[in-house]
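The residues making up each chain are set out below.
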Amino acid sequence: MLPEVHGWLRRRTSSAGDWPVQDLVAAKGETTVSVVLPARDERETVGEIVGVIRRELAPLVDELVVIDSRSTDDTARVAARAGARVHAQDEILPQLKPMDGKGEALWKSLAVTSGDVLVFADADIRNFRASLILGVLGPLLADPSVVYTKGCYDRPLHGTPNGGGRVTELVARPLINLHWPELAGFVQPLAGEYAGRRSALERVPFLTGYAVELGLLIDLLELAGLDGFAQVDLGSREHAPQCTEALGRMSSQIMLAAWSRLERQGRITAAAAPSLRLTQFRRGPEGHEVLVRDIGIGERPPMITVAA
């Protein structure tokens, strides 16, 4: 690990318990806060998450928005009933051709929120705690030099305390250490719980799909430098695990995100564009069936460049 990353870890890493709600209310001042939950078919968890935020964080959170990403269940109704303001992803900036995935939902949330600070959290978290929001919000309210805060946590899976985070350990972390060692101090670079200042988030592009978190880390590093980042230990986080096939598709998008940033930074020259198809296999009654998936990612420009 680079010496400057060691120093950053000491200076910029805290724990959720370091940021009690009463201290953040005092530090908030005139700063406005928006919490955004991107959600697709999350009726089982989104209502509880919205309820916890409304009950426990009302003095801090000025608006709570759920971006419904083409749910086929009643996620939108459950979220609205719990007290969130709900926007359908494709109804935001309808003059633009729709794109797919989480990154699209997060980018479009910039157009329907007004907070000086935005907090993003996944909508599939089980046993949600208010500290997941408090933790990533704390450094931004306490220190004006921080522009982006990333959560980290243990990832329990099937009884193993740290059995989750397989895409991080097998794909994202090796890529980061190889090409962006300044970011090697992030425990969970793909974590879905993070927060940033609108003034920074509106000045960087958003990759779509599962590529969004890695893209934001790399692009905000260029914009703000490592010392503009902070990391907060949120304890433990539990959500429904994905199957291996889904993790393969996620990994492919992470690799494409890295490729796009290496190319943009002039660090690779492509002899040919990478394939946007992933071939996978599933055993069926007559042997292995071939599954071909589209794993292409899109990109939205900095929101500050988009006319309303």
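Calculation criteria
- Residues numbered from 1 in each chain as written.
- Predicted model: local features only at pLDDT ≥ 70, side-chain atom pairs only at ≥ 80, totals over all residues.
- Heavy atoms only, no water.
- Helix = DSSP H or I, 4+ residues; strand = E, 2+ residues; numbered from the N terminus.
- Buried < 20%, exposed > 50% of the residue type's maximum accessible area, 1.4 Å probe, protein only.
- Contact = heavy atoms within 4.5 Å.
- Areas by Shrake-Rupley, 256 points an atom, 1.4 Å probe, with all protein chains shown as cover.
- Lys, Arg positive; Asp, Glu negative; His and termini not counted.
- Charge placed at Lys NZ, Arg CZ, Asp CG, Glu CD.
- Pairing = 2+ DSSP bridges.
- Axes fitted to C-alpha atoms, helices over the stretch in contact; angles between N-to-C directions.
- Salt bridge = Lys/Arg side-chain N within 4 Å of Asp/Glu carboxyl O.
- Patch = residues over 30% accessible without salt bridge, like charges linked within 9 Å, V, L, I, M, F, W, Y side chains within 5 Å.
- Core = buried A, V, L, I, M, F, W, Y, C linked by side-chain atoms within 4.5 Å.
- Arc of directions from axis to C-beta.
- Polar contact = N/O pair within 3.5 Å; in protein donor to acceptor, adjacent residues only side chain to side chain.

**A word on the overall build of the chain**
Here's step 1: Across its full length, the chain carries ten helices and 14 strands.
Here's step 2: Dimensions of the chain along its principal axes, counting C-alpha atoms only, are 60 × 50 × 50 Å.
Here's step 3: Burial status across the chain gives 53% buried among its 308 residues.
Here's step 4: For the chain, the share of sequence-separated contacts (at least 6 apart) that also reach a separation of at least 24 residues comes to 75%.
Here's step 5: Looking at the chain as shown, the accessible area adds up to about 13800 Å², and 52% of this sits on carbon and sulfur atoms.
Here's step 6: Positive and negative side-chain charges of the chain, numbering 34 and 39 respectively, have mean locations separated by a distance of 2 Å.

**Here we look at the sheet that holds strand E1 (residues 13-15)**
Here's step 1: Here we have eight strands laid out as an open sheet, ordered E1-E10-E7-E8-E5-E2-E3-E4, and mixed in their pairing. This sheet does not close on itself; its edge strands, each paired only once, are E1 and strand E4 (85-88). Along the sheet, successive strands turn relative to each other by an average axial angle of 25°, direction set aside.
Here's step 2: Taken together, the four bridges between strand E5 (residues 117-120) and strand E8 (residues 194-197) define a ladder with antiparallel strand orientation. Bridge pairing in E8 places Leu118 opposite Gly196.

**Some points on the pattern of salt bridges**
Here's step 1: Counted under the stated rule, the structure contains 25 salt bridges.
Here's step 2: Glu104 is the salt-bridge partner of Arg300, the closest N and O atoms lying 2.8 Å from each other. With Arg300 in strand E14 (residues 299-300) and Glu104 in helix H5 (residues 102-112), this pair connects stretches of sequence that are 196 residues apart.
Here's step 3: With its nearest N and O atoms 2.5 Å apart, the salt bridge here joins Arg237 to Glu193. In this pair, Arg237 sits in the loop between strand E10 (229-236) and strand E11 (238-239) while Glu193 sits in the loop between helix H7 (166-179) and E8, placing the two residues 44 residues apart along the sequence.

**Details of a nonpolar patch on the surface**
Here's step 1: A surface patch of nonpolar side chains, amounting to about 310 Å² of accessible area, comprises Phe281, Val290 and Val292.
Here's step 2: Position of Phe281 relative to the elements: it lies in strand E12 (residues 277-284).
Here's step 3: Since its relative accessible area comes to 53%, Phe281 is described here as exposed.

**Here's the deal with the nonpolar core**
Here's step 1: Among the nonpolar cores identified, the biggest contains 48 residues, and Tyr148, Leu183, Phe206 and Phe229 are the most heavily contacted of them.
Here's step 2: Residues within four places of Tyr148 in sequence aside, it is in contact with Leu140, Tyr194, Ala195, Gly196, Leu201, Leu216, Leu217, Leu220, Gly228, Phe229 and Ala230.

**Here we look at the pairing of E12**
Here's step 1: Here eight bridges tie E12 to strand E13 (residues 287-294), and the two strands are oriented antiparallel to one another. Counted as the bridge partner of Thr279 is Val292 from E13.
Here's step 2: In this antiparallel pair of consecutive strands, E12 and E13, the connection spans two residues.

**A look at helix H4 (residues 75-82)**
Here's step 1: Restricting attention to buried positions, one finds in H4 the residues Thr75, Val78 and Ala79. For H4, the buried positions fall inside an angular range of 95° around the axis, keeping them on one side.
Here's step 2: Directly beyond the C-terminal end of H4, a positive phi value near 120° is found at Gly83.

**Here's the deal with the environment of Arg11**
Here's step 1: Relative to the helices and strands, Arg11 resides in helix H1 (residues 3-12).
Here's step 2: C-alpha of Arg11 to C-alpha of Ala230: the two residues are 219 residues apart in sequence and 8.5 Å apart in space.
Here's step 3: Among the polar contacts listed, one links the side chain of Arg11 to the side chain of Asp227, at a separation of 2.7 Å.

**Structural notes on the side chain of Glu245**
Here's step 1: One can find Glu245 in helix H10 (residues 244-264).
Here's step 2: With relative accessibility at 16%, the residue Glu245 sits in the buried group.
Here's step 3: A distance of 2.5 Å separates polar atoms of two side chains, one belonging to Glu245 and the other to Arg282.
Here's step 4: A polar contact of 3.4 Å, which involves the side chain of Glu245, links it to the side chain of Arg293.
Here's step 5: Beyond its immediate stretch of four places on either side in the chain, Glu245 contacts Gln280, Phe281, Arg282, Leu291 and Arg293.

**Notes on the environment of Met303**
Here's step 1: You can see Met303 is positioned in the segment after E14.
Here's step 2: Classification of Met303 as buried rests on a relative accessible area of 8%.
Here's step 3: For the pair formed by Met303 and Pro156, sequence separation is 147 residues and the distance between their alpha carbons is 35 Å.
Here's step 4: Excluding residues within four positions of it along the chain, Met303 makes contact with Leu93, Trp107, Lys108, Leu110, Ala111 and Glu202.

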